[in-house]
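Architecture at a glance
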Amino acid sequence: MAHPSVFALLLSCLLVPASAISGPSTKEAEVNGVRLPYVEQGSGEPIVFIHGAISDLRAWEPIRDEIAKKYRFVAYTQRYFGIGAWKDDGKQFGVATHAGDLAKFIMALNTGPVHLVGWSYGGAVATEAALKNPSLVRSLILYEPAVWEVLSADSPEEKEALEDRSKIFGPAVAANNAGDAVQATRLLLEGVFYLPHGGFDREPQAAQTIWLDNSRTTPLLFAASPTAITCDTLKNFSRPTLVLGGRNRLQPGG
């Protein structure tokens, strides 16, 4: 079972100011026919961090040193994300693929079960991987997970969520349909973070770099199939789980 201190440390780290920190050397793990870059630091119980959409392992840099004081920090870049070459045209992009990669990645670490921390899209990936491979998981920590399917069909909550989602994603979807992945990325980030029009350009340069480096994944994200995660699939999951949301967001890579 997870120690309560794991949850407490993650909560405190979400408020750690971002800073430019030189990190450990990047390693690679061969998983399901692809090579996934990752960094690790520290010792003790392992915590694996799964970044969200339009991002990569750099998203976790602001909290790496703090986590590594007490735990083995591990962050990796999921398939298709980052700046590496693809082995295909992205046709396998989706939660199912990324969850399968995550399970194999944990096995490759050879550490036994890990604490999983997933952010947004990475929260959906972490959840699906944990549901299918509970023996690999000590605990599950989800920061604003993108798991829409848990809402009851035709419920007031689903209607409100769909309306909110339309406002957030609508302009980005239109830009994506027009073939402009970069503009779609900019509009998507402005929508997700509730930035004013043009707010993307006022974000820290390090964060902009990460997002623009990953803008080629935006069309894949919009084309991906929904997850298979529902309330029914969650009923038998017994690992300690913490779901977080809030205003004070972690600033990627800044």
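For the structure itself, look to the data block above.
Residues numbered from 1 in each chain as written. Predicted model: local features only at pLDDT ≥ 70, side-chain atom pairs only at ≥ 80, totals over all residues. Heavy atoms only, no water.

Quick word on the packing of helix α3 (residues 95-109) against helix α4 (residues 121-132)
With their axes 8 Å apart at the nearest point, α3 and α4 run at an angle of 60° to one another. Crossing of α3 against α4: the hand is right-handed. On α4, the residues touching V95, A96, H98, A99 and L102 of α3 are Y121, A124, V125, A126, E128 and A129. Classifying every residue of the contact of α3 with α4 by side-chain character gives 9 nonpolar, 1 polar and 1 charged. (Axes fitted to C-alpha atoms, helices over the stretch in contact; angles between N-to-C directions. Helix = DSSP H or I, 4+ residues; strand = E, 2+ residues; numbered from the N terminus. Left-handed = near helix turned anticlockwise from the far one by under 90°. Contact = heavy atoms within 4.5 Å. Nonpolar A, V, L, I, M, F, W, Y, C, P; charged D, E, K, R; others polar.)

Notes on the pattern of salt bridges
A complete count under the given rule lists 14 salt bridges for this structure. Between K27 and E40 there is a salt bridge, with the nearest N and O atoms lying 2.5 Å from each other. One end of the pair, K27, is in strand β1 (residues 27-31); the other, E40, is in strand β2 (residues 34-41), with 13 residues separating them in the sequence. For E40, a relative accessible area of 17% corresponds to the buried category. Here E45 ties to R138 by a salt bridge, and the two come within 3.8 Å at their closest N and O atoms. Remark: R138 occurs in strand β6 (residues 137-143) and E45 occurs in the loop between β2 and β3 (46-50); sequence separation between them is 93 residues. R138 gets classed as partly exposed once you look at its relative accessible area, which sits at 26%. If you follow the salt bridges from partner to partner, you end up with K27, E40 and R72 in one network. (Salt bridge = Lys/Arg side-chain N within 4 Å of Asp/Glu carboxyl O. Buried < 20%, exposed > 50% of the residue type's maximum accessible area, 1.4 Å probe, protein only.)

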